[in-house]
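What follows is each chain in one-letter form.
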Amino acid sequence: MTLEDVRQEIDKLDDTLLELLNQRMNWVHKVGEIKNKTKAVIYRPEREKQIIERLFEQNKGPLNKDAIEAIFLEIFAAARNIELPERIAYLGPEGSFTHQAAESRFGAMSEYVTLPTIKAVFEAVETERVRFGVIPIENNQEGIVYETVDLLNETQVNIAAELKIPVHFTMATEAENPSKIKRIYSKDIAFRQCRGFLNKYFEQTHPEEIQVESTSKAAKLAAEDPEAAAICSEIAAKLFRLPVLFKNIEDNSNNRTRFFIISKTFENQPSGNDKTTLVARLPKTDESGVLANFLMDFKEQNINLTKIESRPYKGDEDFNFWFFVELLGYHKDEKFQEILNKHGDYIKVLGSYVRNA
Ligand SMILES: O=C(O)C(=O)C[C@]1(C(=O)O)C=C[C@@H](O)C=C1
């Protein structure tokens, strides 16, 4: 078989794939009509997860799980846009890791609004300027993002989904090799997380390290200066057409950030593998054991707590705290209802969503 022959076979399959995808979209359009009539929610992460899991089970390769997931997430994003075009706000700037996270879930067809602060994303969601907002909640090396935690307590939004993406840094530059680099732009965290790489490659030349507010600003500045490099995301390098000299330069390749997709009113159906996030404003009292008793009730119900963070009440004179709590399970599970029966007055459930490993 010649290359031409093989390509002809591929072309035929692509025609079939396109035909099948359009057939799928016709069904999706019908789902959209039904949902519009009943005012049902378009985005159903638990249904998407179920479809992907089913496909994993019957997959015989050579496509691997990551590839199947990436392809189908793009199909779902396109499908949701056929049902109803969605506007999504994310913490910018363009080319940030949050942008990358948003695109991984909402695809290339959605309309994006880039906002400068986490607070602005919450406001856009609360006022329903956008249907969904994407914001970081924690990084497994740097810890929790307190601004997000506090805004979840202060505003009226729900968590629709969580997603975790690997944080890989690249060194992008017009320079041909490291010896030609006189300046490196990046964000404080990125410099910190790539220290091993910087020590190894720039031990002799010691380029100036210039801190800027975002890694995409770093990419923009480096694109204007042939003697400069940026430590940035791949998406930022692509955005400013800056060649990538080194990939995955972070010291710890397990670096991952977890994001929340928030929405004004949102309720998932149970998926069988869910996580619930809540805020607990326990009564302010001097009595001992208020927190211990609260936690014991979860233990008694066999509920696995995965996170508890204490946060101060802003403006309080005393040292009083509220708690940000995450647990395994769905909020309508019987055992969680037992907790609500007892502590419901001071618990605000922010959402139950598919647990994303
Ligand atoms: O099943 C639905 O509820 C749909 O809207 C269809 C569909 C899909 O493409 O399969 C699209 C969007 C939802 O997030 C889940 C699934």
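Cut-off values and rules
- Residues numbered from 1 in each chain as written.
- Predicted model: local features only at pLDDT ≥ 70, side-chain atom pairs only at ≥ 80, totals over all residues.
- Helix = DSSP H or I, 4+ residues; strand = E, 2+ residues; numbered from the N terminus.
- Buried ≥ 20, exposed ≤ 12 C-beta atoms within 10 Å, placed from the backbone.
- Contact = placed C-beta atoms within 7 Å.
- Core = buried A, V, L, I, M, F, W, Y, C linked by C-beta atoms within 7 Å.
- Pairing = 2+ DSSP bridges.
- Near = placed C-beta within 6 Å.
- Nonpolar A, V, L, I, M, F, W, Y, C, P; charged D, E, K, R; others polar.
- Domains from an automatic or database assignment.
- UniProt positions renumbered as here; feature names shortened; annotations may be inferred.
- Axes fitted to C-alpha atoms, helices over the stretch in contact; angles between N-to-C directions.
- Parallel < 35°, antiparallel > 145°, perpendicular 65-115°, else oblique.
- Left-handed = near helix turned anticlockwise from the far one by under 90°.

Turning our attention to the overall build of the protein chain. Regarding its fold elements, the protein chain presents twelve helices and 15 strands. By principal-axis analysis of the C-alpha atoms, the protein chain measures approximately 70 × 55 × 35 Å. Across the 357 residues of the protein chain, 34% fall into the buried class. At a minimum sequence separation of 6, the contacts of the protein chain that also span at least 24 residues come to 76%.

Formed by 49 residues in total, the largest nonpolar core has its most connected members in Val121, Val134, Ala160 and Ile262. Looking at this core element by element, the count peaks at five residues for strand S14 (residues 321–328). Excluding residues within four positions of it along the chain, Ala160 makes contact with Tyr43, Pro45, Phe132, Ile261, Ile262, Ser263, Phe266, Asn268, Gly351 and Tyr353. Of all hydrophobic cores here, the second largest spans 24 residues; its members include Ala172, Ala230, Ile231 and Ile249.

Here we take up the pairing of S14. In this structure, strand S12 (residues 274–280) lies alongside S14, joined through six bridges in antiparallel fashion. Bridge assignment links Ala280 to a residue of S14, and that residue is Phe323. Where strand S13 (residues 305–312) lies against S14, seven bridges are found, and the strand directions are antiparallel. Its bridge partner lying in S14, Lys307 is registered against Glu326.

Close to the ligand lie Val28, Val31, Ile42, Tyr43, Arg44, Arg47, Glu48, Ile51, Phe76, Ala79, Arg80 and Glu83. Listed by contribution, the elements that provide at least two residues to the shell around the ligand are helix H1 (3–38), helix H2 (45–58) and helix H3 (65–83). Residues of the shell around the ligand, tallied by class, amount to seven nonpolar, no polar and five charged.

Right, let's get into the environment of Lys247. Its place among the elements puts Lys247 in the loop between strand S10 (244–246) and strand S11 (256–263). When the C-alpha positions of Lys247 and Cys232 are compared, they lie 9.9 Å apart, and in sequence the two are 15 residues distant. Not counting residues within four places of it along the chain, the set of residues in contact with Lys247 comprises His168 and Thr170.

Turning next to the domain arrangement of the protein chain. Entries for the protein chain in the domain assignment read domain 1 (1–84), domain 2 (170–246) and domain 3 (274–354). A straight line from the C-alpha centre of domain 1 to that of domain 2 covers 37 Å.

Using the residue numbers shown here, the UniProt feature "domain: Chorismate mutase" (unreviewed entry) corresponds to residues 1–87. Taken end to end, residues 1–87 is 79% helix and 1% strand, and its first and last C-alpha atoms sit 47 Å apart.

Moving on: the UniProt feature "domain: Prephenate dehydratase" (unreviewed entry) in the protein chain. Under the UniProt annotation, the feature "domain: Prephenate dehydratase" (unreviewed entry) is placed at residues 87–264. Secondary structure within residues 87–264 divides into 31% helix and 32% strand; the distance between the first and last C-alpha atoms comes to 13 Å.

Spatially, the five strands line up as an open sheet ordered S8-S7-S9-S6-S10, and their pairing is mixed. With partners counted over all chains shown, the strands left at the sheet margins are strand S8 (208–211) and S10, one partner each. Taken pair by pair, the neighbouring strands of this sheet meet at an average axis angle of 30°, ignoring direction. Packing against the sheet, helix H9 (residues 215–223) makes contact with strand S6 (170–173), strand S7 (183–186) and strand S9 (228–232), and its axis sits at approximately 160° to S9.

By way of backbone hydrogen bonds, the strands of a sheet pair with one another, either parallel or antiparallel. Read from one edge to the other, the open sheet built from four strands follows the order S13-S14-S12-S15, with strand pairing classed as antiparallel. Here the strands that pair on one side only, and so sit at the sheet edges, are S13 and strand S15 (347–354). The sheet shows a mean angle of 15° between the axes of neighbouring strands, direction not considered. In the sheet, S12 pairs with S15 via seven bridges, with the strands oriented antiparallel. The partner of Ala280 across the bridge, within S15, is Ile347.

Between Gly61 and the following residue, Pro62, the backbone shows a cis peptide bond with an omega angle of 5°. Within the secondary structure, Pro62 is located in the loop between H2 and H3. Geometrically, the link from Gly92 to Pro93 is a cis peptide bond, its omega value of 0° lying close to zero. Notably, Glu128 is not glycine yet its phi reads approximately 60°, a positive angle. The exposure class of Glu128 is exposed, given the 11 C-beta atoms found within 10 Å. A positive phi angle is found at Arg241, which is not glycine, with a value near 50°.

This next bit is on the packing of helix H5 (residues 118–126) against helix H6 (residues 146–154). With their axes 10 Å apart at the nearest point, H5 and H6 run at an angle of 30° to one another. It follows from the interaxial angle that H5 and H6 lie roughly parallel. Seen from above, H5 lies across H6 with right-handed handedness. Residues Ile118, Lys119 and Phe122 of H5 lie in contact with H6, whose contacting residues are Glu147, Thr148 and Leu151. Per-class residue counts for the contact of H5 with H6 are three nonpolar, one polar and two charged.

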